[in-house]
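An overview of the molecular structure
So you can see what is in the structure, the chains are spelled out below.
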Amino acid sequence: MIAARREALLLFSMDDDNAVQRVIQDLRRAAAAGVGTRLPSVRELTARHRASPATVARATRRLVAEGLVEAVPGRGVFVVAPAAIPPPSDLSWQAVALGARPGGEEAVQALLAVPAPGAIALSSGYLDTTLQPTAPLGAALARAARRPGAWDRGPAQGDAELRAWFARECGGLLDADDIIICPGGQAALSTAIRALTAPGEAVLVESPTYVGALAAARAAGRQVVPVPADADGVRPDLLAAALDRTGARLFYCQPLYANPHGAVLAPQRRAAVMSAVRSAGAFLLEDDYARDLSIDADPPPPLAADDADGHVVHLRSLTKPAAPGLRVAALGARGPAGMRLRSARVLDDFFVAGPLQHAALDLVTSPAWHRHRRTVRTALRTRRDALLSALRRHTPDLQPTAVPRGGLHLWVRLPPTVDEADLVTAAAAEQVVVFPGHPWFAAEPPAAFLRLTYAAAPPALLDEGARRLARALAGLGHGTGRAPGG
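What you are looking at is a predicted structure, and each value in this text was computed from that prediction instead of being measured.

1. So, the overall build of the chain
- When its secondary structure is counted, the chain shows 16 helices and 15 strands.
- Against the 2.2 N^0.38 benchmark of 23 Å for 486 residues, the chain shows a C-alpha radius of gyration of 25 Å, consistent with a compact globule.
- Its C-alpha atoms give the chain principal-axis dimensions of about 75 × 65 × 60 Å.
- Put simply, the chain has 486 residues, and 50% of those count as buried.
- Within the chain, residue pairs in contact and separated by at least 24 positions form 73% of the contacts whose partners lie at least 6 positions apart.
- Accessible surface for the chain amounts to roughly 22,300 Å². Of this, 57% is attributable to carbon and sulfur atoms.
- Between the mean site of the 53 positive side-chain charges and the mean site of the 46 negative ones, the chain shows a separation of 6 Å.

2. Focus on the packing of aromatic side chains
- By the definition in use, this model includes five aromatic pairs.
- Seen in terms of ring centroids, Phe 435 and Trp 440 are 5.7 Å apart; in terms of plane orientation they differ by 70°. Their pairing is edge-to-face. Per residue, the accessibility class of Phe 435 equals that of Trp 440, and both read buried.
- When the centroid spacing of 5.9 Å and the interplanar angle of 35° are considered together, the rings of Phe 441 and Phe 449 count as tilted.

3. Details of the nonpolar core
- The biggest cluster of nonpolar side chains holds 43 residues, and the ones touching the most others in it are Leu 380, Leu 423, Val 434 and Leu 452.
- Among the elements that line this core, the one with the most residues is helix H14 (residues 367-394), at eight residues.
- Leu 137, Ala 202, Leu 243 and Val 328 belong to the second-largest nonpolar core, a separate cluster that totals 42 residues.

4. Remarks on the pairing of strand E5 (residues 202-207)
- Along E5, six of the six residues are buried, which leaves the element largely enclosed by surrounding structure.
- Pairing geometry for E5 and strand E6 (residues 223-230), over six bridges, is parallel. Within E6, the position partnered with Ser 207 by the bridge is Pro 228.
- In this view, the connection linking E5 to its parallel neighbour E6 by way of helix H9 (residues 211-219) has right-handed handedness.
- In the sheet, E5 pairs with strand E8 (residues 250-253) via two bridges, with the strands oriented parallel. Paired with Val 205 across the strands is Tyr 252, a residue of E8.

5. Quick look at helix H3 (residues 53-66)
- For H3, spanning 14 residues, the distance from its first C-alpha to its last is 20 Å, which sits close to the expected 20 Å at 1.5 Å a residue.
- Just downstream of H3, Gly 67 is the residue with a positive phi angle, here 80°.

6. Points about the pattern of salt bridges
- Going through the model one piece at a time under the given rule, you end up with 22 salt bridges.
- Here Arg 249 and Glu 201 are joined by a salt bridge, their closest N and O atoms 2.7 Å apart. Of this pair, Arg 249 sits in the loop between helix H10 (236-246) and E8 while Glu 201 is found in the loop between helix H8 (185-196) and E5, placing the two residues 48 residues apart along the sequence.
- Given a relative accessible area of 36%, Arg 249 falls into the partly exposed group.
- Judged by its relative accessible area of 26%, Glu 201 falls in the partly exposed class.
- Across the salt bridge formed by Arg 384 and Asp 296, the nearest N and O atoms sit 2.7 Å from each other. Of this pair, Arg 384 sits in helix H14 while Asp 296 sits in the loop between strand E9 (283-287) and strand E10 (312-317); the two residues are 88 residues apart in sequence, bridging distant segments of the chain.

7. Some remarks on the state of the cysteines
- If you walk through the whole model with that rule in mind, you get zero disulfides.
- Sulfur of Cys 253: no disulfide; nearest cysteine sulfur belongs to Cys 170 and is 14 Å away.
- For Cys 253, a relative accessible area of 0% gives the class buried.

8. A few points about the sheet that holds strand E12 (residues 409-413)
- Reading across the sheet, the three strands line up as E12-E15-E14 and stay open at both edges, with antiparallel pairing between neighbours. Here the strands that pair on one side only, and so sit at the sheet edges, are E12 and strand E14 (435-436).
- Bridge count for E12 against strand E15 (residues 449-453) is five bridges, and the pairing is antiparallel. Paired with Leu 410 across the bridge in E15 is Leu 452.

9. Overview of the confidence of the model for the chain
- Of all residues in the chain, 93% attain a pLDDT of 70 or more, and the chain-wide mean is 88.
- Mean pLDDT across the secondary structure elements of the chain bottoms out at helix H1 (residues 2-31), with 64, and peaks at E8, with 98.
- Here residues 7-15 is modelled with pLDDT under 50, and outside its nearest four sequence neighbours on either side it reaches eight contacts, counting other chains as well.

10. As for the packing of H8 against helix H12 (residues 336-349)
- For the pair H8 and H12, interaxial distance at closest approach is 9 Å and the crossing angle is 120°. Compared by their axis directions, H8 and H12 come out oblique. In terms of crossing hand, the pair formed by H8 and H12 is right-handed. Across the interface between the two elements, Ala 187, Thr 191, Ala 192, Arg 194, Ala 195 and Leu 196 of H8 pack against Ala 337, Arg 340, Leu 341, Ala 344, Arg 345 and Asp 348 of H12.
- Of the residues assigned to the contact of H8 with H12, the class counts are seven nonpolar, one polar and four charged.

11. Some remarks on the layout of surface pockets
- Here the second largest pocket is characterised by a volume of approximately 430 Å³.
- If you go around the second largest pocket, you meet 25 residues; those closest to its centre are Ala 229, Asp 230, Ala 231, His 261 and Thr 401.
- Contributing elements (two or more residues each) for the lining of the second largest pocket: E6 and E12.
- Among the elements that line the lining of the second largest pocket, the one with the most residues is E6, at five residues.
- Partitioning the lining of the second largest pocket into residue classes produces 16 nonpolar, four polar and five charged.

The rules behind these values
Residues numbered from 1 in each chain as written. Predicted model: local features only at pLDDT ≥ 70, side-chain atom pairs only at ≥ 80, totals over all residues. Heavy atoms only, no water. Helix = DSSP H or I, 4+ residues; strand = E, 2+ residues; numbered from the N terminus. Rg over C-alpha atoms; globule rule 2.2 N^0.38 Å. Buried < 20%, exposed > 50% of the residue type's maximum accessible area, 1.4 Å probe, protein only. Contact = heavy atoms within 4.5 Å. Areas by Shrake-Rupley, 256 points an atom, 1.4 Å probe, with all protein chains shown as cover. Lys, Arg positive; Asp, Glu negative; His and termini not counted. Charge placed at Lys NZ, Arg CZ, Asp CG, Glu CD. Phe/Tyr/Trp six-rings, centres within 6.5 Å; stacked < 30°, edge-to-face > 60°. Core = buried A, V, L, I, M, F, W, Y, C linked by side-chain atoms within 4.5 Å. Pairing = 2+ DSSP bridges. Right-handed = clockwise from strand over helix to strand, strands pointing away. Expected span 1.5 Å × (residues − 1). Salt bridge = Lys/Arg side-chain N within 4 Å of Asp/Glu carboxyl O. Disulfide = S-S within 2.5 Å. pLDDT = per-residue confidence, 0-100. Axes fitted to C-alpha atoms, helices over the stretch in contact; angles between N-to-C directions. Parallel < 35°, antiparallel > 145°, perpendicular 65-115°, else oblique. Left-handed = near helix turned anticlockwise from the far one by under 90°. Nonpolar A, V, L, I, M, F, W, Y, C, P; charged D, E, K, R; others polar. 1 Å grid on protein atoms, 1.4 Å probe; cavity = no way out; pocket = protein on both sides within 12 Å on 5 of 7 lines; lining within 4 Å. Points joined across faces, edges and corners; volume = space filled by probe spheres on them.

Right, here's the structure in full:
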């Protein structure tokens, strides 16, 4: 019942966006009559397009923002003269001053791009709006904003109660004093790389791995060295060899539902990975982004829970299981490493806004958070299975390398005859957005892949997305191999 209601809300939202576009097009046609023209009234537009007054108001505000029209209270909306266009500036000198552009940020920007209206996004890294706890989060934020002293300067390390919550969630030897609150997982990741390594040094990463980690390391001037991973996570033997060869002091790892491929570090490999890190005298940056995104079983404890000697730096974010706008994360580290991280965070932005921290604490310590996690778990299982079924039905040649037990994505290997870039482009022409595989590799990829997200759309749209992907494949001359009746 809840899932059906959420799907209905999403479809309503899409219909509302389409209505806004229709009203905008109608107003543009009317505005073609010239400066001073009075545009149709709200009553006329609501009747003509069967749209609500709020929809008409949204359309009008967009045209006001463009400078095409002006709303005059009590009189109506009128076409205005376009603003004078200033002469072009000569900004070419900046190319010399800036020098070479850091690599990697293009993939992050593409990952965050908002899909065009009508497109089905199989590329997002977040829960769609129908799965986000917007009501309890909004209520928590309102309460936090009214707290006495809410907008005062807070502790640079973060709110003590929120730090204690993150420490308890880690389930190991960390306590509240070892935790630093950060404005989102990406900021925490960038801080850790810069605080724990020096420019020019090697940073080891799983291969494939999160594009944001690759971008952050390269932007900081670090040398990224890939260590191959398989269905059981990173290869401990190759990790030990890479640590020995490079002298690296930091290994970035996602042991739980690794992005993009969804692997979980196997129990028999956990000790071997930690042994390799200890022997090298290195740190392991554990990105525990998917702790709240399990589907088939409860997750194993973090690596930090069994780390007696302070080799693990633990990163946990609330953004993925809650909402993109809840930019609250935590870094946990013991000893001098924790001091380095705290110093780096202060230099970056002093502290995270108090109301956002208080709202996050209010949310995660309320009964609504436990209900939300149960709802998300059920919804992700339904959506994952729906996308798997849709791929088997419409694109049987595009199957995941493994079925993830949690997380948000499927990692699909393409047939040798399909060019990755061509398929991404063809899919966009069919209005389904998919993300290519090569940006997730620090070196040459072994094959062509797609990362397909099942968290950002309901089952009906996932099925339609697979249909469109099948048309894109067919347009490239690759048969879908669809089964009879599929």
